[in-house]
Every structure is written in structure tokens, then in C-alpha cells.
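Residue-level structural notes
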Amino acid sequence: MYGSTFSFGGDNAFAFGDSRRSARNFIPEPYQPANLEQNKNVSDDDTNMQESQTSNGIKTPTSVSSDAWSAFVSESHKQFMMFRQDIKKFSDSEFLLDSSIPSYYDSNTRETQQKKQEVVYEAAREYETCLYAYLERLEETNQNTEKAQEQLQIMHLCRILFFGPQSRSVQTLSSQIVQWIQKWREPDISSDKNMMEHVNEEWWGVVHALLLQGHTDIANSYLNYYNKDDASINVLKQLAEELPRINVRDDPHSFKYKFDKWQKQVRANASKTSNANIKTCFSILSGDTNTIQEKSSSWHQELAAKLLYKYPTSSRQEIMDMCALLSSTYKEQIKRDALDSLVVLIIPSKMEAALDFINKKNQPEWLSAHLSDLMVHMTRSEGLKKSRDQHIIKYSNTLEVSWWRISLDYLVTTQDQSHVKSLLQNIELDQPTKLTKVIEWCKHHQNEELVEVMHELYQRYANKFINKNNAIAIRYLLLANRRDKVNRLVSSTLNKYITKALKGESQDEELRCIADIVEQESIAEQDSSLLFVHQYVSLLDGFKLLKEENVSHALARLVSILLSDCVNCGITRRFCILLLNHAVELLRRDEIVFDYRATTSMMDCLVKLELSHRDLLKDVKKEMIDRIRFSLVANMSRTITNQ
């Protein structure tokens, strides 16, 4: 019975603990416990809050275990990325689980297939290590470990059946399955410590249960308390201790010879005792089907006994057939245990059904996502490939919004990239560093759809600054390739500048920031409004240097160019009056810097503004217009006189 504890002292001290064992007892080598503090912050944002929100909008309360979960998500994500990196070295030529690598493959192909299988196996082992570490952290903080234990059991079983070298090896698979049963399925025995010394029918039931699951050392510890003078007991203990157990280094034929010889001794000694219970022990060791079926109380107990004593070199297909038969025999019992229901789907390799079962039974999406990702590299099943994508998407949706990069790394491996686009569009771009990280991710996985998404992200971020800091908004709109918006925003900025300038409140900081963009970025000719701002800022800087030689003529040419841009290139006409006002200082200089033609052009511009665009001059003081007109007329007279 699961959860029972039974122990006794002496040289053979043994304890059955909770079947959901302590993680420390089963950590595979090599394993180094991860630094929790280093893995605590797996996201870009602070996740230590009273309530966290997942990427699908579901809010989940956080607790002490959130640190363990954060570290687990981070570690398993790291392994996921390493696996993706390693597996892409291989082509899509896959090997099937239900057959060995065909003999007609050339040596290079066979070697490649074997290397690919090793990569998958290593990934499964690393995921198992992550689960052990997660389980250990939960235990350290006294958190519920049930779900983590169940995931660990399933990952361990799948590593044995599908991913490990033993999954194709006749001589080790049976042994591995038995070890899994011994590790995760404890025999149905009493937890009463005193019952060892009281030999009765219940006592014999414990001995039979221990032998059925291959716990021969513990069974012998019980048999040491059998005080009756019966030589068969010593023979039984010796034969139980000498049970041949196959390992990967054994030659199958040598092992078969050794096993048959051992079992022949078992049968020979079974007839020498009259004690029914001792006979039953010998019958179990001899692999008697009727006795095993009669004494077994569960499917896994009967399976372990048959693999130990009757079919120790069973192939994967033979184990599948046995499991199918046992699942029918113990149907009602299995139905009452969700985990057993899942296991009897996995052993016969009904993986699509098993993965669906995992989600239906409220198992964490982590398991189905990572398990299906490994399985698609071991089978040609198109259905499993589609199922894998669904499980990856479901797992991604359970991750907190602040873990967007981890979610994206999973989603980008699916066929349907709409989920990637959707998540990118919903990331809160509250900081420029975050936008940079998102864009870097997009560039790393760049494709046509992501280029479009990058433009959308830049525009979203630019929208935060429109009418607050237009220079920043313009910079990101350029990255978004939204020239139309750039021109409109520059025109809006120029209009605001004109309004303040005409009131004597001119502040050119924002225009200078926009001009800096032209200096730093590659600005195309069609970005006329940006080029105009850059030239206008140059004009303002030039007026500070009027005392220097030849500056006035350069400024005059610049004023003429800017006026032309205002009239001909769609730049706001309202800016003309401001440029004409700047020209006054040049017009009044002793030297003539504007010739007759340039002066006439400026006069025409002023007249057109007064006649056709009086609405643009409503905020302009009459004194300014008169000053401009007088300066133009005076300069025109000087140019005529000098001709």
C-alpha cells in the first residue's frame, strides 16, 4: 500500500518509505544542486508579488514554492534550448521505437541514428535531473510534492522505455522495468514493525509480496525469523540471494544458460518441502504463472514477477503485450488510480492517448510538453507531431507574463507561428531595455512574420511618447518604417515650435533632438521633414557665428533653401514667416548677402502669405510683418543700386 512505512533493525535494515520517495535518494549522477538564488529571477520583471498572472490571463497565487517553480522553469528551459541546439544537427531521418536500426543501413547512417538517440536520451536524463532538483526544493520548504513526484515517475519510465539505450536492448529492458517498479511501487505490506517476529499467514503474505517484486534481500530478512527446523528455508534464502539479474554487459546466451540452471535448482528443491507457504515461495521463483497470478495483488506486482522469474529477457514488444493483458485483468483496480491508468498507456506506447490523459487528469502541462517534444524525435507519427505543438502551446500559456522570453522560445518551435505573434503583441513594453530584448529575440529568430511584428513593436513603443517626447517617438517610428507618421509628427512639432517662437517663447531642445536623429541614422531623401529640421537647427547655430567670415552668405543660402522647402516640399507654410524673420538680421547687415533675385523671392513669399494664407498669420504681430517688409524693400533698393 502506498504511503506505508515498514522498517527493522539489524545488518539488513530496510525501510519502505512513502512511495513518493525523498528526492535525495534517487538523484541520478552526475548531479549538482542548482543555486536557487541564481535561478530565482528567471524573468525580466519582479515576480515576487502576492499574485502573478500567466500569459493566458489566468491569475495564480504565489507562495514559498514559487522560488522552486521559478528555478525549475529556468533549468528545464535551459535544457530545452540545449536539446534544440543539439538535435538540429541531425536530419529528419527518424528511427522507430518498435524496431531496431535496420541492418541494411550503411555504417555512417547507423552511427548517425545512434548519436541522435543518445542526444534524445541525454535530454530526457537532464529533464529528470531538473525534476529531482525541483522535488528537493519543495521538500526543503515543506511544500506539496505529489505532482512533482508523479511527473518524475513518468519521465523516469519513458526514459527507460523510449529514450535510453536499454529501450532497444533485449537483455536490459526487463531489468530496467523491474527497477522502476521497485523504486516507485512499494509492495502491499503492513507497517507494523513487530509483525516480522510473528510467523503467520499475514507474515507469509509479506514474504510472497516481497519476492514477487524482486525484493529478495528483504524477504530473506523476514525468513531469518522462521525458527522451525526446515532445511528448505536455508535453500530458499540462498536461491533467492543468487537470483540472476541481467545487466548490459551480460551476453544474452550466457545469461540464459545461467538463469535456466538457477531455475532448475529452484524446481528441484520445491519438491523437497511439505510446507505450502515455502512451496509458494519456490513456485514464485520458478516463474509458475498460476502462483504469480494468484499471489499478485496488482498489475505491477505481477509484471515484475513475470519479468524476473519467467521472461527475464523480454523484448519491448513482449513487455507491451504483457502490459496490455494485465491492464485488462486489473482493469477496475487501475481505473481507481489515475497514475496507474497513465502508466498502462505509456508502456504499450500509446503516447498520444497518454499525453491527452496527462492534461485531462490535471497533470502539469510541463510534463506533456517536454515529453511530447522528446517523443517526436523517436517516431514518425504525424499525429504526435501535431499533439506536441498543442502541448507546447498549453505549457507556454501557463507561464507568467514576465517570463515572455521563455514562452517565446517554446512557441517558436511550433508550426503555427500565430501564437508567437500574439504573445509578442501583448508584451508590456514599459522600458526601452525590455523593447531591446524583445527585438533582439525577434532578430535571432528572424523571418518575414517577425519583421512585421518588430515594426509593430517599434510603433507601439513610439506611441507611448507621441506628444510627450516626439524625438523619441520619431526615432522608433523610423525603426518601424512608418515614414508617413514621422512626417506628420515632425510637422506637428514644427507647428508647436512656431507658435511658441512667435510669442517669444522659443525653445529648440526638441528640434535639436530630432536633428540629432538625422546625424545618427541613415535618413532617406523622402524624409524631407527630418532633413528640414536638421537644416533649420544648422541655421540657428549659424546665427551664433555671424561674426566669422563668409558665414552670413552661407546662412543666406540656407534661408533660401528652407523657404523653398516650405513652399515646394509640403513643409508647413506657417514656418515661412519665421524664416523671413530670421532673414531680417542678414538683410540689415552692411554687406549685401541676398541678391536681387533672392530678395524678390522672399518678397513674393510674404505677399502670398498676406493675400492667400492670412489665417496662418493670425498669431503674427503686425510689427514683425512690417519689419520684414521694410527690410526686404531696403535690401531690394541696395541690390538695384549696386547693379
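For the structure, check the block above.
Residues numbered from 1 in each chain as written. Predicted model: local features only at pLDDT ≥ 70, side-chain atom pairs only at ≥ 80, totals over all residues. Heavy atoms only, no water.

1. Overview of helix α15 (residues 338-346)
The buried fraction of α15 amounts to 8 of the 9 residues, a majority that puts the element mostly inside the structure. Listing the buried residues of α15 in full gives Leu-339, Asp-340, Ser-341, Leu-342, Val-343, Val-344, Leu-345 and Ile-346. Backbone nitrogen of Leu-339 and a side-chain oxygen of the N-cap are separated by 2.9 Å at the start of α15; the cap is Asp-337. (Buried < 20%, exposed > 50% of the residue type's maximum accessible area, 1.4 Å probe, protein only. Helix = DSSP H or I, 4+ residues; strand = E, 2+ residues; numbered from the N terminus. Polar contact = N/O pair within 3.5 Å; in protein donor to acceptor, adjacent residues only side chain to side chain.)

2. Thoughts on the pattern of salt bridges
The tally for this structure, following the rule as stated, stands at 21 salt bridges. Of the charged contacts, one joins Glu-122 and Arg-125 as a salt bridge, the two residues approaching to 3.1 Å between their closest N and O atoms. Placement of both Glu-122 and Arg-125 in helix α3 (residues 107-140) is noted, with a separation of 3 residues, approximately one turn of the helix. Overall, Glu-122 belongs to the partly exposed group, its relative accessible area being 34%. (Salt bridge = Lys/Arg side-chain N within 4 Å of Asp/Glu carboxyl O.)

3. Quick word on the packing of helix α2 (residues 66-87) against helix α19 (residues 404-411)
How two helices sit against one another is set out by the angle between their axes and by the gap between those axes. Packing of α2 against α19 brings their axes to within 11 Å, and their N-to-C directions diverge by 35°. Pair α2 / α19 crosses with left-handed handedness. Residues Val-73, Ser-76, His-77, Phe-80 and Met-81 of α2 form the contact with α19, whose own contacting residues are Ile-406, Asp-409 and Tyr-410. (Axes fitted to C-alpha atoms, helices over the stretch in contact; angles between N-to-C directions. Left-handed = near helix turned anticlockwise from the far one by under 90°. Contact = heavy atoms within 4.5 Å.)

4. Describing unusual backbone geometry
Its identity as a non-glycine residue notwithstanding, Asn-467 has a phi of 70°, on the positive side. Of note, the phi angle at Asn-481 is positive, near 60°, even though the residue is not glycine. Within the element layout of this structure, Asn-481 appears in the loop between α23 (470-479) and α24 (483-502). By relative accessible area, which is 47% here, Asn-481 ends up partly exposed.

5. Side note on the packing of aromatic side chains
Both the distance between ring centres and the angle between the ring planes are used here to describe each pair of aromatic rings. One pass over the structure, following the stated rule, counts 21 aromatic pairs. Ring centres of Trp-203 and Tyr-226 lie 6.4 Å apart, and the angle between their planes is 25°; this geometry places the pair in the stacked category. Of this pair, Trp-203 sits in helix α6 (residues 201-212) while Tyr-226 sits in the loop between α7 (216-223) and α8 (231-241), placing them 23 residues apart in sequence. The exposure classification of Trp-203 matches that of Tyr-226, with both residues buried. Arranged with centres 5.1 Å apart and planes meeting at 80°, the rings of Tyr-395 and Tyr-410 form a pair that is edge-to-face. One end of the pair, Tyr-395, is in helix α18 (residues 382-398); the other, Tyr-410, is in helix α19, and 15 residues separate them in sequence. For the pair formed by Tyr-395 and Tyr-410, the shared burial category is buried. A connected cluster of aromatic rings, assembled from ring pairs, spans Trp-69, Phe-72, Tyr-127, Tyr-134 and Trp-366. (Phe/Tyr/Trp six-rings, centres within 6.5 Å; stacked < 30°, edge-to-face > 60°.)

6. Here's the deal with helix α12 (residues 299-309)
Within α12, 11 of the 11 residues are buried, which leaves the element mostly enclosed by the surrounding structure. Here α12 has its buried residues at Trp-299, His-300, Gln-301, Glu-302, Leu-303, Ala-304, Ala-305, Lys-306, Leu-307, Leu-308 and Tyr-309.

7. Quick notes on the nonpolar core
Residues Phe-163, Ile-177, Ile-346 and Leu-371 are the most contacted members of the largest nonpolar core, which totals 103 residues. Among the elements that make up this core, the one with the highest residue count is α3 (11 residues). Contact partners of Ile-346, with chain neighbours within four places excluded, come to Ile-154, Leu-157, Cys-158, Leu-161, Phe-162, Met-351 and Ala-354. Of all hydrophobic cores here, the second largest spans 84 residues; its members include Ala-473, Leu-477, Leu-489 and Ile-523. (Core = buried A, V, L, I, M, F, W, Y, C linked by side-chain atoms within 4.5 Å.)

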